[in-house]
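This is what each chain is made of:
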Amino acid sequence: MLIEHFEAGGGQQLTLQWKPPGAADFTALPGTALTTDADVVRVTAPGRKECVGGQDSPGRTALTGVHPNYTLTDLRPEGFEPKVSGMAWLPDGRLAITTWGESQTSDGEVYLLDDVTGRTGPDKVTVKKVAEGLKEPMGITFVDGRLYVSEKHQLTELTDRDGDDVTDERKRIATWPYGGNFHEFAFGLLYDKGSFYLNLSVAINYGGATTDPQPAEGNRGTTIKVDKETGEVSYLAGGLRTPNGIGRGPGNGLFVTDNQGGWLPASKLVRIEQDRFFNHYTRYGTARPAPSTTGP
């Protein structure tokens, strides 16, 4: 933010004031609020987070219900507590989900859930594990009778040969730069007209600072396109940090959400078209070249 102030006659001044939460009136903003300690990255660190105290809750208010137009139904059978990282609907109404597993392991799994729509509940939902041994899958989609999963390092095709839903064959469709960092996720998985779309996040250090140099030689912090038949990877946009959301929006445009931290002061929503991206909050702005694909 830049404020330009000109005063020529004397006796005038420009004052910046604030009203912090709980304060009754506006007061002059202290200089300490405009500085930060050197070499400190103020971002959320990895790991489990817990509320402290009986009155605390995530966010500003506790979620006590849903919009009146919706009905909230518990669908989780007793004992089934998956760490869901991706979901995809099958044409027959079943829901496929991926589970994260644990960081730096290959404990990710795929489940098929039935009776998850209409008048149902946890006593009616059925769960079947159809794949395991996946490396932190973060996206899943169903194309031409087969499930596809985005793992940290590759796009994987899951094939059921005998019709029992359980994966009999796993095939690597494509790979992308991966340096072994815990934060090098492959987020989301869309399919359209012969190509898959997903996001690659950059590597970071524990504590939140961006890893410099990046351990993977290549384009991380990007939105990529993968040809279903050839496995060719095309880079559509760069300069992203933790692009943990991807979907289709108005005009069938490709939209991506990015997460605050490091050089990115705030989370954002961008629209991506071919090799350009547009800032949603300025009505998509003016087309400009994609920035560095590796980040600072």
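Because the structure is a prediction, the values reported are computed rather than measured. (Residues numbered from 1 in each chain as written. Predicted model: local features only at pLDDT ≥ 70, side-chain atom pairs only at ≥ 80, totals over all residues. Heavy atoms only, no water.)

Student: Give me the overall build of the protein: which residues, what numbers.
Tutor: The helix and strand inventory of the protein stands at 0 helices and 18 strands. The buried share of the protein, reckoned over its 296 residues, is 37%. Counting only contacts in the protein whose residues sit at least 6 apart along the sequence, the fraction spanning at least 24 positions is 45%. Taken as a whole, the protein presents about 18,100 Å² of accessible surface, with 49% of it coming from carbon and sulfur. (Helix = DSSP H or I, 4+ residues; strand = E, 2+ residues; numbered from the N terminus. Buried < 20%, exposed > 50% of the residue type's maximum accessible area, 1.4 Å probe, protein only. Contact = heavy atoms within 4.5 Å. Areas by Shrake-Rupley, 256 points an atom, 1.4 Å probe, with all protein chains shown as cover.)

Student: Mind laying out the pattern of salt bridges, listing which residues take part and the relevant values?
Tutor: Where charged atoms from two side chains of opposite charge come close, those side chains can pair. This model, assessed by the stated rule, comprises 11 salt bridges. With a shortest N-O distance of 3.8 Å, K228 and D144 are connected by a salt bridge. Here K228, found in the loop between β13 (222-227) and β14 (233-237), pairs with D144, found in the loop between β7 (139-143) and β8 (146-150); they are 84 residues apart in sequence, far enough to count as distant. In this structure K228 comes out as buried when scored by relative accessible area, which is 16%. For E157, the salt bridge goes to R146, with nearest N and O atoms at 3.2 Å. Of this pair, E157 sits in strand β9 (residues 154-159) while R146 sits in strand β8, and the two are 11 residues apart along the sequence. (Salt bridge = Lys/Arg side-chain N within 4 Å of Asp/Glu carboxyl O.)

Student: Mind laying out the packing of aromatic side chains, listing which residues take part and the relevant values?
Tutor: Tallied over the full model, the rule gives 5 aromatic pairs. Ring geometry for Y148 and F196: centres 4.9 Å apart, planes at 45 degrees, overall tilted. On the criterion of sequence distance, the pair formed by Y148 in strand β8 and F196 in strand β12 (residues 195-200) is long-range, its members being 48 residues apart. Of the residues examined, Y148 reaches a relative accessible area of 2% and is grouped as buried. (Phe/Tyr/Trp six-rings, centres within 6.5 Å; stacked < 30°, edge-to-face > 60°.)

Student: Report on the sheet that holds strand β6 (residues 126-134), specifying residues and quantitative values.
Tutor: Here 4 strands make up an open sheet; going across it, the order is β3-β4-β5-β6 and the pairing antiparallel. Of all strands in the sheet, those with a lone pairing partner are β3 (84-89) and β6, marking the two edges. If you compare each strand with its neighbour and ignore which way they point, the axes differ by 20 degrees on average. One ladder, built from 6 bridges, connects strand β5 (residues 108-114) with β6; its direction is antiparallel. Paired with D114 across the strands is T126, a residue of β6. (Pairing = 2+ DSSP bridges. Axes fitted to C-alpha atoms, helices over the stretch in contact; angles between N-to-C directions.)

Student: Any details on the environment of E102? Residues and values, ideally.
Tutor: Among the secondary structure elements, E102 is positioned in the loop between β4 (95-99) and β5. For the pair E102 and E136, spaced 34 residues apart in the sequence, the C-alpha separation amounts to 7.1 Å. Discounting chain neighbours no more than four positions away, the residues touching E102 are K83, D107 and E136. A distance of 2.7 Å separates polar atoms of two side chains, one belonging to E102 and the other to K83. (Polar contact = N/O pair within 3.5 Å; in protein donor to acceptor, adjacent residues only side chain to side chain.)

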